[in-house]
Amino acid sequence: MSSGRTSAHEPASHLTPEHWRVVNRRLVRKALAELSHERLLTPTPVGAGRYVVSSDDGRVRYHFEARIGSLLHWSVDADSITRHRDGAELPLDAMELFLELRDTLGLHDGLLPVYLEEISSTLESDAFKLAKPRVSSGELLDAGFQAIESGMTEGHPCFLANSGRIGFDITESAKYAPEAGAPLRLVWLAAHRDRVGFSASAGLDYDELVRSELDQSTRERFEERIREFGLDPADYLFVPVHPWQWDNKLPVTFAAEFANRNLVHLGSGDDDYLPQQSIRTFFNSSSPERHYVKTAISVLNMGFLRGLSPEYMRATPAINDWVSELIFGDELLRESGFDILRELAAVGYHNEYYTAAAKDSPYRKMLAALWRESPVPKLRDGQRAATMASLLHVDEFGEPLVGTLISRSGLAPADWLRRYLDAYLRPLLHCFYAYGVVFMPHGENIILVLEDGVPNRVLLKDIGEEVAVIEPETELPAEIERIRSEVPENLRALSLFTDVFDCFFRFLCSITHEHGLLDERDFWRTVAECVADYEADAPELRERFRKYDLFAERYELSCLNRLQLGNNQQMVNLQDPASALKIAGTLDNPIAPHAPTRD
């Protein structure tokens, strides 16, 4: 099979009629499933397991077969979907679907064209992935940590427009998209100390960081470049930059800063990096023990422009220090092996023009970066790392990667699942109940540490932007008070119900059920047993277990696509995420039937 964008003569070689038919069918399937889950669509039953969805004007009808599982999960059979207008069958077209349902979905004229561009970009990305050589789940696991990272095909399991990347052209996608797996080198700037802020974890300073991240020859080359302008290297800090940001934004938008020598272009570094699923974070493939680098990039992707705020990031190392100390000061968390990949240092440039122009603007988030620990030094002999997103991966041969892991482990599926839950769910429960600390623990944010195919422990990342303290009684140092979030008591457990149950376990349960690995009821029984055993091990938290009851009969359905369909420029105010929640009724809790007897 062709290698897609890698063709030097035809960068769009992956955009073939065959690929386009396949990716449209897959995205239409996902749209019917997730929009029905979020109750934006109400499919009409027309027979055993058969349903119809009609367009706004009633002329177009989508017929399909589906099984409705726990948590109102629609398992739609992609091959069964047909589209008809006035009795004539039409090809499936994901962009047409959103046009046909614009009123039902609330897609107003100001938002619809941009959303369609995000859908088109997602389809293009899917076509590129489809054009890559087919790799089995077993081969992917054997290929290693970064091959798994670039081999993910689904993107976020809930969001429909999950590869928008508005701003990348076709050549840039081939260079910078994670699925391309193409090594690149970061651009480096020198920023005058008067305009740049630097913060670091306790015990780490700028000089130590730079010595650990850049070879001596690279540092000397950068310093000589500064001297070529008649400037003193001691007056500047090095700042890593996404190559796209350099090519498309900084020399023009920050032109005055370069003209006045507040910024100096140093050229590319000497290490190769690989883009991660989040598109703006890079893994050092030349020296894997060195840190990830997260950069600002003015590209619209999944509901946000992916810049970085210097002001917001100033406290990031201190936040990571606090979370790390909390983990290592708690016996249960230590014993579970739960850990974070600390964001150890942050640097941000303050452009005085844009700072004066607006209080909150993407122009204030164009030049910043942070350094995050690599998981590699945390691995012991016999351990391997893999993104947790891989548990939802199904290869082009129809085989789920989780099935391969279970097979290699030699464990029964329920036993394998319990080992995974003890590594992943149990520490999240404890952080929530003991401290009121919550994270954004979706697949891309979790690194699994595997031994013989079994999750031994997990490493959580993206702490600074996505950790929140929702318990008013939890004390925080003044410098990190911004992570405190006021969430109504009745919604606090959604940090587990939504982020873990609905946005990850719902899909994992469907995969294990549909592929004959573990029955749906047994899946949720195993989850319930993990929760119940944790509660038994922490009797001092009995009152909190009752207050935020994970065995409640029902809980609110918080919807992600409703967020993106409402505002695809900024879905959530990170300083007040609860205010943006889109609730669409309630869901039956699948672990409620397995609730333990409580005193």
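About the thresholds
Here, residues in each chain are numbered from 1, in the same order as that chain's written sequence. It should be noted that, the model being predicted, local features are given only for residues of pLDDT at least 70 and side-chain atom pairs only at 80 or more, the latter also being counted only at that level, while totals for whole chains, interfaces and linings use all residues. Note that water and hydrogens are dropped before the side-chain values are worked out from all heavy atoms of the structure. Think of it this way: any DSSP run of H or I at least four residues long counts as a helix, any run of E at least two long counts as a strand, and we number them from the N terminus. Radius of gyration here is computed from C-alpha atoms only, and the compact-globule reference equals 2.2 Å multiplied by the residue count raised to the power 0.38. Note on contacts: a residue pair is in contact if any heavy atoms of the two residues lie within 4.5 Å. Surface exposure here means Shrake-Rupley accessible area, sampled with a 1.4 Å probe, where a residue is shielded only by the protein chains that are shown. For this count, His and the chain ends are skipped, Lys and Arg are scored as positive, and Asp and Glu as negative. In plain terms, the charge of a residue is placed at NZ if it is Lys, CZ if Arg, CG if Asp and CD if Glu. What marks off one domain from the next here is an automatic or database domain assignment. The method works on a 1 Å grid over the protein atoms by themselves. A cavity is a set of points holding a 1.4 Å probe that cannot get out, a pocket is an open set with protein on both sides within 12 Å along at least five of seven lines, and residues with an atom within 4 Å of a point line them. Grid points are joined across faces, edges and corners, and a volume is the space filled by probe spheres set on the points. Classification used: nonpolar for Ala, Val, Leu, Ile, Met, Phe, Trp, Tyr, Cys and Pro, charged for Asp, Glu, Lys and Arg, polar for all others including Gly. Classification of residues uses two cut-offs on accessible area relative to the type maximum, computed with a 1.4 Å probe and protein chains only: under 20% is buried, over 50% is exposed, and between them is partly exposed. Note: two strands are recorded as paired if DSSP finds a minimum of 2 bridges between them. What counts as an axis is a line fitted to C-alpha atoms, over the stretch in contact for a helix, and the angles between N-to-C directions run from 0 to 180 degrees. N or O atoms within 3.5 Å of each other form a polar contact, as long as, within protein, one can give a hydrogen and the other can take it, and as long as residues adjacent in sequence are counted only when both atoms are side-chain atoms. Only rings of Phe, Tyr and Trp enter the pairing, Trp through its six-membered ring, and a pair is recorded when the two centres are within 6.5 Å. The plane angle decides the type: under 30 degrees is stacked, over 60 is edge-to-face, the rest tilted. Nine residue types can take part in a nonpolar core, namely buried Ala, Val, Leu, Ile, Met, Phe, Trp, Tyr and Cys, and a core is a set of them joined through side-chain atoms within 4.5 Å.

## Section: the overall build of the protein chain
Line of reasoning, step 1. Helix and strand content of the protein chain: 23 helices and 25 strands.
Line of reasoning, step 2. In terms of overall dimensions, the protein chain is globule-like: its C-alpha atoms have a radius of gyration of 24 Å, near the 25 Å expected for 599 residues.
Line of reasoning, step 3. Each principal axis of the C-alpha atoms in the protein chain carries an extent, and together these give about 80 × 60 × 45 Å.
Line of reasoning, step 4. Within the protein chain, contacts between residues separated by at least 24 positions form 75% of all contacts whose residues are at least 6 apart in sequence.
Line of reasoning, step 5. Of the roughly 23,800 Å² of accessible surface on the protein chain, 48% is carried by carbon and sulfur atoms.
Line of reasoning, step 6. Separation of charge centres in the protein chain, based on 63 positive and 93 negative side chains, amounts to 2 Å.

## A word on the domain arrangement of the protein chain
Line of reasoning, step 1. Under the domain assignment used here, the protein chain contains domain 1 (13–106), domain 2 (183–372) and domain 3 (380–594).
Line of reasoning, step 2. Computed from C-alpha coordinates alone, the two centres of domain 1 and domain 2 are separated by 43 Å.

## Brief notes about the layout of surface pockets
Line of reasoning, step 1. If you add up the space inside the second largest pocket, you get close to 270 Å³.
Line of reasoning, step 2. In terms of lining residues, the second largest pocket is bounded by 17 residues, among which Lys132, Pro133, Val135, Gly151 and Thr153 are the most central.
Line of reasoning, step 3. Partitioned by chemical class, the residues of the lining of the second largest pocket number six nonpolar, five polar and six charged.

## Details of the pairing of strand β22 (residues 454–460)
Line of reasoning, step 1. Buried residues dominate β22, accounting for six of its seven residues.
Line of reasoning, step 2. As defined by bridge partners, strand β16 (residues 339–340) adjoins β22 across two bridges and the pair is classed as parallel. Bridge pairing in β22 places isoleucine 340 opposite leucine 460.
Line of reasoning, step 3. Linking strand β21 (residues 446–451) back to β22 in an antiparallel pair, the connection comprises two residues, with aspartate 452 at a positive phi of about 55°.

## Thoughts on the sheet that holds strand β18 (residues 368–372)
Line of reasoning, step 1. Reading across the sheet, the six strands line up as β8-β17-β18-β13-β12-β11 and stay open at both edges, with antiparallel pairing between neighbours. Two strands in the sheet have a free side with no partner beyond their single neighbour: β8 (196–200) and β11 (273–275). Each neighbouring strand pair of the sheet contributes to a mean axis angle of 20°, computed without reference to strand direction.
Line of reasoning, step 2. With two bridges joining them, strand β12 (residues 281–284) and strand β13 (residues 292–295) adopt antiparallel strand pairing. Directly across from threonine 281, in β13, lies its bridge partner lysine 294.

## Digging into the pairing of strand β5 (residues 82–85)
Line of reasoning, step 1. With four bridges connecting them, strand β3 (residues 60–69) and β5 associate as antiparallel partners. Looking at the pairing, histidine 63 lines up with threonine 82 of β5.
Line of reasoning, step 2. The pairing of β5 with strand β6 (residues 88–90) spans three bridges and is antiparallel. In the strand pairing of β6, arginine 85 is matched with alanine 88.
Line of reasoning, step 3. Between the antiparallel neighbours β5 and β6 lie two residues, among them aspartate 86 with a positive phi of about 50°.

## Topic: the environment of glutamate 465
Line of reasoning, step 1. Looking at the secondary structure, you find glutamate 465 in helix α19 (residues 463–466).
Line of reasoning, step 2. When the C-alpha atoms of glutamate 465 and threonine 316 are compared, they prove to be 7.8 Å apart, with 149 residues separating the residues in sequence.
Line of reasoning, step 3. Within the structure, glutamate 465 has its side chain in polar contact with the side chain of arginine 280 (distance 3.1 Å).

## Comments concerning the packing of aromatic side chains
Line of reasoning, step 1. With the rule as written, the count across this model stands at 32 aromatic pairs.
Line of reasoning, step 2. Geometrically, the ring pair formed by phenylalanine 505 and phenylalanine 523 is edge-to-face, given 6.1 Å between the ring centres and 75° between the ring planes. With phenylalanine 505 in helix α20 (residues 494–514) and phenylalanine 523 in helix α21 (residues 520–537), this residue pair connects regions lying 18 residues apart in the sequence. Here the two residues phenylalanine 505 and phenylalanine 523 agree in accessibility, since each one is buried.
Line of reasoning, step 3. Ring geometry for phenylalanine 505 against tryptophan 524: centres 6.4 Å apart, planes inclined by 65°, an arrangement best described as edge-to-face. On the criterion of sequence distance, the pair formed by phenylalanine 505 in helix α20 and tryptophan 524 in helix α21 is long-range, its members being 19 residues apart.
Line of reasoning, step 4. Using a relative accessible area of 2% as the deciding quantity, one classes tryptophan 524 as buried.
Line of reasoning, step 5. Feature note: the residues Trp416, Tyr420, Tyr424, Phe497, Phe501, Phe505, Phe523, Trp524 and Tyr555 constitute an aromatic cluster, connected by ring pairs.

## Notes on the sheet that holds β22
In sheet architecture, strand pairing relies on hydrogen bonds along the backbone and comes in two forms, parallel and antiparallel.
Line of reasoning, step 1. Spatially, the four strands line up as an open sheet ordered β16-β22-β21-β19, and their pairing is mixed. Looking along the sheet, the strands with just one partner apiece sit at the ends: β16 and β19 (384–387).
Line of reasoning, step 2. Contacts from helix α18 (residues 413–435) reach β21 and β22, with the element oriented near 20° to β22.

## Points about the nonpolar core
Line of reasoning, step 1. Among the nonpolar cores identified, the biggest contains 96 residues, and Leu391, Tyr420, Phe439, Phe501 and Phe505 are the most heavily contacted of them.
Line of reasoning, step 2. If you count residues domain by domain, this core takes at least three from each of domain 2 (183–372) and domain 3 (380–594).
Line of reasoning, step 3. If sequence neighbours within four positions are ignored, phenylalanine 505 has contacts with Tyr420, Leu421, Tyr424, Leu425, Val500, Phe523, Trp524 and Val527.
Line of reasoning, step 4. Core analysis: the second largest hydrophobic core is formed by 44 residues, Tyr176, Val187, Ala190 and Phe258 among them.

## Describing the environment of histidine 73
Line of reasoning, step 1. Within the element layout of this structure, histidine 73 appears in strand β4 (residues 73–76).
Line of reasoning, step 2. A residue is classified by how much of its surface remains accessible, and histidine 73, at 8% relative accessible area, is buried.
Line of reasoning, step 3. Each C-alpha atom of the pair histidine 73 and serine 510 lies 8.0 Å from the other, and the pair is 437 residues apart in sequence.
Line of reasoning, step 4. Contact partners of histidine 73, with chain neighbours within four places excluded, come to Glu34, His37, Arg67, Ile68, Arg506, Phe507 and Ser510.
Line of reasoning, step 5. In this structure the side chain of histidine 73 is engaged in a polar contact, spanning 2.9 Å, whose partner is the side chain of arginine 506.

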